[in-house]
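Residue-level structure breakdown
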Amino acid sequence: MAARLSRSLPQVNRRVFTGLSSRTISRVANASARAGLVAHRNTWNLAPWTCRVTQANIARYSHTDSDSSVKPNASIANATSYKGSSITEKHWMSQDFPVVDTLIEPQAVLNFIEFISWGILPNGEKTDLPLLDPDEFPLFMAPSSEWAPAPFNKDALPTMQKAVERITAPGDFSGLCRIGQNIQFLKSRLWGGLVPVPASRWREKDLNNPDHFTIAHEYLTSIIAVFEYLNNPLIRTNMRDTFNKISSDFGEMQDALNARRKAEGTLSPDLNLTALWEQFIRARYEVMTSTAHSWVLARVAELRKRTLDSFSAISAENPEGPEMEIFSQRWSDLLSVTSMADFNIWMSMDGYNGYHPPSEIIAGLHNPDLKHQDKNYGFSKLLLERLTKCIEAQNEAATVQGPSATESDAARRERLSISTVVQDELRVKIRGRVPSPQPPAQPWIQQLLRAQEMSLSMDPCERPDFSFGLAIYRAAHKFSDEQWENLQRKLEAHLSAWGDDIQGADELKPLLKLHWFDCKELDPDTTKPVTAARRHFQQMRSSDEWNLKIAPSVFLLVDHMGVGSYIDDKFHPSKADTGLLNGDFQGHVLAVDPDFDSSASANESADSMANEDPQDEGFEYPGQMRILGNLVWSELYPMVMLQSVGLENLCLQAREHPTKVYTGPTVPSQVEPWREMNAIKTHMMDGFVEFLKKKDPTLAGKVEGLRKDGTL
């Protein structure tokens, strides 16, 4: 476990200070629009000075003792033994890969600096507070001793570094917690405004099918588990304290900036960075809670409809049969999830510097009487009253209309649906009246569209060669040109198959570009395509031609296994493969981490990735990951762009898939048949290889090679 934890923090710190190199900073001061574009690019680039949290500190993170429960201690808090509630216990019991979580996502600091550069909050609203001047952005990456007038010129560390170190905690561990990667991963998605499973993917996975109810239910309860974690008293306190420490840093920065403005005689109004920081985090929490809560309710509504359909098929004359028992349990599960979502999906800001609790209820953020509401929910009492009135009315109607008034499918549905009507009414008391306008576009889509708008507003002669793109390498050459062109069209169409229900996606899609390269043209030795592609990409990404065109922290590669996933049926489950979701077995590509250890041994390992047992404690990050094509733009791109979620985090979600493909967040019942398939496959192949070693050692070696690269 120590090795796992020691790998977690370096990755966090690598991705925190993105794009803060002197080359990037020098571009910011040129113009407001260019500053906005570079602020966007800052989200991608890796800065060399970000690793000031040394390996010695990382070792401290991983080897400090922790208690078996979440409680105050000199060491990192530990949530891995928390049991959760009855409906979330399975998620808490599935923390088989603990990681170190930063309670406030480190990327929030950079996102905040971007926000005060252009003024748009994560919820899509525009702040009315004064913002940065274009030439002030670089000052966050320089110590005040270099630019601030006295007496504000005493800091030897940049404000950006100070703020991030409040989160990554080189001096204390209050901003950190050990938590299962399954829960931490979902938390990071919600932080970035991404839903657990988009509605289109939900349909693709066929999760409204009653046969998949258990998996669907676990997706819903996984969100409840995230907020159980975030609302643990110690975690909530530590998040508040970390926020307040950063607020203090920004307070010092605002004083220094205002003094500089005054000394230079500018007409810009005084900055209030502490108020902006509070406003930004409040909007971030609003996006998290509203995204999670509305998603749970939307999916529950779909499941409830399908569950009601199964209820209609049950004869009223057989109320004690097994079908009715299954229905009753599922209906009860959906009611419980809805209630837990109403009461648990909250992010309290009490005690946050600058936060003033409103008098009214604000859904997801403030209800001064929430605990009282929880204790006096009144659901059962109100349900009984409504049900009694409904039955009385139906009985009266039966005297005129006959038995159909009480025994028809419509009458039975009416009685049953009272429970959901009551929950909807009580929700107003719990969460207030939630407005129902069109929700804002996800933050990453907002950011890209703003960057595009800024680039178009610039003078054509100063406009940079700017686009949103990914480099993609061809590493499969056993096809004719015509066959490859057909495959390429099919693959590109699959990559574009996302966003049917995501606001802003149709506007963004035409701006997302794939830039193709051929490994065969880069290196005659085609046996090591990942090595060749990585070497080429590392040299290319920082060039003037490509610096503002491609994401620098990931590239794609299409190898023979990827091609096979689009043209070979063996990559798709058969009808005999019970328990598998068709949506989890589709065409995929290889996503490669260009900054993975580039030593010869590491590259050789990448070129022939070991087919390790995903349940093995020794599972190592291979520097690459297979991902469904239709998740490249909707999940890979935004998560490595906007959050402290890198390829290694995504890879953990793919490690137990039969072909190690990332299909989105996973839940226990989804993974169980994967593990069974892997165990059977490993047992059979081990025996087959041992047989071959006696008959044909050369062939046995080839089979082992195919196993390592995932072909077998």
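Structure report, in brief. Residue positions are given per chain, counting from 1 as you read along its sequence in written order. Restriction of local features to residues with pLDDT of at least 70 applies here, the model being predicted, together with a cutoff of 80 or more for giving and counting side-chain atom pairs; totals for whole chains, interfaces and linings are based on all residues. As a rule here, side-chain values come from all non-hydrogen atoms in the structure, and water together with hydrogens is ignored.

**Quick look at the sheet that holds strand β2 (residues 98-102)**
What counts, and what does not: Two strands qualify as a pair provided that DSSP identifies no fewer than 2 bridges between them. Put simply, DSSP marks the helices as runs of H or I at least four residues long and the strands as runs of E at least two long, and each gets a number from the N terminus on.
A sheet is described by the order of its strands in space; here 3 strands give the open sequence β1-β3-β2, paired in mixed fashion. Either end of the sheet is taken by a strand with one partner, and the two such strands are β1 (77-78) and β2. Two strands pair when backbone bridges link them, and β2 and strand β3 (residues 176-180) are joined in this way by 5 bridges, in the antiparallel orientation. Its bridge partner lying in β3, Val99 is registered against Ile179.

**Here we look at unusual backbone geometry**
For clarity, the threshold we go by: Exposure classes here rest on a 1.4 Å probe applied to the protein chains alone. A residue is buried below 20% of its type maximum, exposed above 50%, and partly exposed in between.
Here Ala150 and Pro151 are connected by a cis peptide whose omega angle stands at 5 degrees. Within the secondary structure, Pro151 is located in the loop between α6 (107-118) and α7 (159-168). With phi around 50 degrees, Lys660 is a residue other than glycine that occupies positive phi space. Residue placement: Lys660 occurs in the loop between α26 (647-654) and β9 (661-662). Given the relative accessible area of 12%, Lys660 is considered buried.

**Quick look at the nonpolar core**
Filter applied, for reference: Definition used in this section: a nonpolar core is a set of buried Ala, Val, Leu, Ile, Met, Phe, Trp, Tyr and Cys residues joined via side-chain atoms within 4.5 Å. Residue contacts follow a heavy-atom distance rule, with two residues in contact if any of their heavy atoms lie within 4.5 Å.
Grouped together as the largest cluster of nonpolar side chains are 83 residues, with contacts concentrated most on Phe140, Tyr229, Phe250 and Tyr285. Taken together, the elements giving at least two residues each to this core come down to α6, α7, β3, α8 (181-191), α10 (213-230), α11 (233-264), α12 (273-312) and α13 (322-344). The element that contributes the greatest number of residues to this core is α12, accounting for 13 residues. In contact with Tyr285, not counting residues within four places along its chain, are Trp191, Met239, Met347, Met349, Tyr352 and Leu365. Membership of the second largest hydrophobic core comes to 53 residues, among which are Ile445, Phe468, Leu548 and Leu628.

**Some remarks on the pairing of strand β6 (residues 555-558)**
Here β6 shows a buried face lined by Phe555 and Leu557 and a second buried face lined by Leu556 and Val558. As paired elements, strand β4 (residues 468-474) and β6 share 3 bridges and run parallel to each other. Following the sheet pairing, Arg474 is matched in β6 by Val558. Bridging between β6 and strand β7 (residues 588-592) involves 3 bridges; their strand directions are antiparallel. Pairing of Phe555 across the sheet is with Val592, part of β7.

**Some details on the pairing of strand β8 (residues 624-628)**
Counting buried residues along β8, 5 of its 5 residues qualify, which places the element largely inside the surrounding structure. Alternating positions in β8 separate into two faces, Gln624, Arg626 and Leu628 on one and Met625 and Ile627 on the other, with burial throughout. Relative to β8, β7 runs antiparallel, the two sharing 5 bridges. From the neighbouring strand, His588 faces β8, where its bridge partner is Leu628. Here β8 pairs with β9 via 2 bridges, running parallel. Pairing of Ile627 across the sheet is with Tyr662, part of β9.

**Here we look at helix α18 (residues 443-457)**
Note the threshold: By definition here, a helix of n residues has an expected span of 1.5 Å times n minus one.
For α18, which comprises 15 residues, the first-to-last C-alpha distance of 21 Å matches the rise-based estimate of 21 Å (1.5 Å per residue) to within 8%. Among the 15 residues of α18, 12 are classified as buried, and the element is accordingly described as predominantly covered. Taken together, the buried positions of α18 are Pro443, Trp444, Ile445, Gln446, Gln447, Leu448, Leu449, Arg450, Ala451, Gln452, Met454 and Ser455.

**A word on the pattern of salt bridges**
Worth spelling out the cut-off: The salt bridge criterion pairs a side-chain nitrogen of Lys or Arg with a carboxyl oxygen of Asp or Glu, the two atoms within 4 Å.
Scanning the model with the defined rule gives 30 salt bridges in all. For Asp584, the salt bridge goes to Arg201, with nearest N and O atoms at 3.6 Å. In this pair, Asp584 is assigned in the loop between α23 (560-567) and β7 and Arg201 in helix α9 (residues 199-204), connecting sequence segments 383 residues apart. Across the pair, exposure class does not vary: Asp584 and Arg201 are buried alike. Residue Asp559 pairs with Arg626 through a salt bridge whose shortest N-O separation is 2.8 Å. Residue Asp559 is found in the loop between β6 and α23, and its partner Arg626 is found in strand β8; the two are separated by 67 residues along the sequence. Exposure remark for Asp559: the relative accessible area of 13% places this residue in the buried category. Residues joined in a network through salt bridges with shared partners are Asp155, Lys162, Arg166, Asp249 and Glu252.

**As for the environment of Glu125**
Residue placement: Glu125 occurs in the loop between α6 and α7. The contacts of Glu125, once residues within four sequence positions are left out, are Gly119 and Ile120.

**Details of the packing of α13 against helix α17 (residues 409-431)**
For clarity, the threshold we go by: Lines are fitted to the C-alpha atoms to define the axes, a helix being fitted only along its stretch in contact, and any angle between axes, read from their N-to-C directions, falls within 0 to 180 degrees. Angle categories are assigned with fixed cut-offs, so that under 35 degrees is roughly parallel, over 145 is roughly antiparallel, 65 to 115 is roughly perpendicular, and the rest are oblique. Helix crossings fall into two classes, left-handed where the near helix is turned counterclockwise from the far one by less than a right angle and right-handed where it is turned clockwise.
Between α13 and α17, the least distance of the axes is 10 Å, while the angle of their chain directions is 10 degrees. As the angle between them shows, α13 and α17 are arranged roughly parallel. Crossing of α13 against α17: the hand is right-handed. Touching Met324, Phe327, Trp331, Leu335, Thr338, Ser339, Ala341, Asp342 and Phe343 of α13 are Arg412, Leu416, Ser419, Thr420, Gln423, Arg427, Ile430 and Arg431, all from α17.

**A few points about the side chain of Arg626**
Spelled out, the test is: As used in this structure description, the phrase polar contact means that two N or O atoms lie within 3.5 Å; if the pair is within protein, one of them must be able to donate a hydrogen and the other to accept it, and residues adjacent in sequence are counted only when both atoms belong to side chains.
On the basis of relative accessibility, which here comes to 5%, the residue Arg626 falls in the buried class. Within the structure, the side chain of Arg626 is placed 2.8 Å from the side chain of Asp559, a separation counted as a polar contact.

**With respect to the packing of aromatic side chains**
For clarity, the cut-off: When the centres of two rings from Phe, Tyr and Trp lie within 6.5 Å, Trp using its six-membered ring, the rings pair. Their planes under 30 degrees apart give stacked, over 60 give edge-to-face, and anything left gives tilted. When the NZ atom of lysine or the CZ atom of arginine is within 6 Å of a ring's centre and also within 35 degrees of its normal, the charge is said to sit over that ring.
Tallying each qualifying case throughout the model produces 28 aromatic pairs. Between Tyr285 and Tyr352 the ring centres are 6.0 Å apart and the planes differ by 80 degrees, which places this aromatic pair in the edge-to-face class. Within this pair, whereas Tyr285 is found in helix α12, its partner Tyr352 is found in the loop between α13 and α14 (370-375), the two being separated by 67 residues in sequence. Each member of the pair Tyr285 and Tyr352 is classed as buried. Counting every residue linked through ring pairs, the aromatic cluster contains Phe112, Phe115, Trp191, Phe243, Phe250, Trp277, Phe280, Tyr285 and Tyr352. Here the guanidinium or amino end of Arg299 rests over the ring plane of Trp202, the centre of that ring lying 6.0 Å away. Across from the ring centre of Trp484, 4.2 Å away, lies the NZ or CZ of Arg474, which sits over that ring.

The quantities given are spatial measurements derived from coordinates; they are silent on function.
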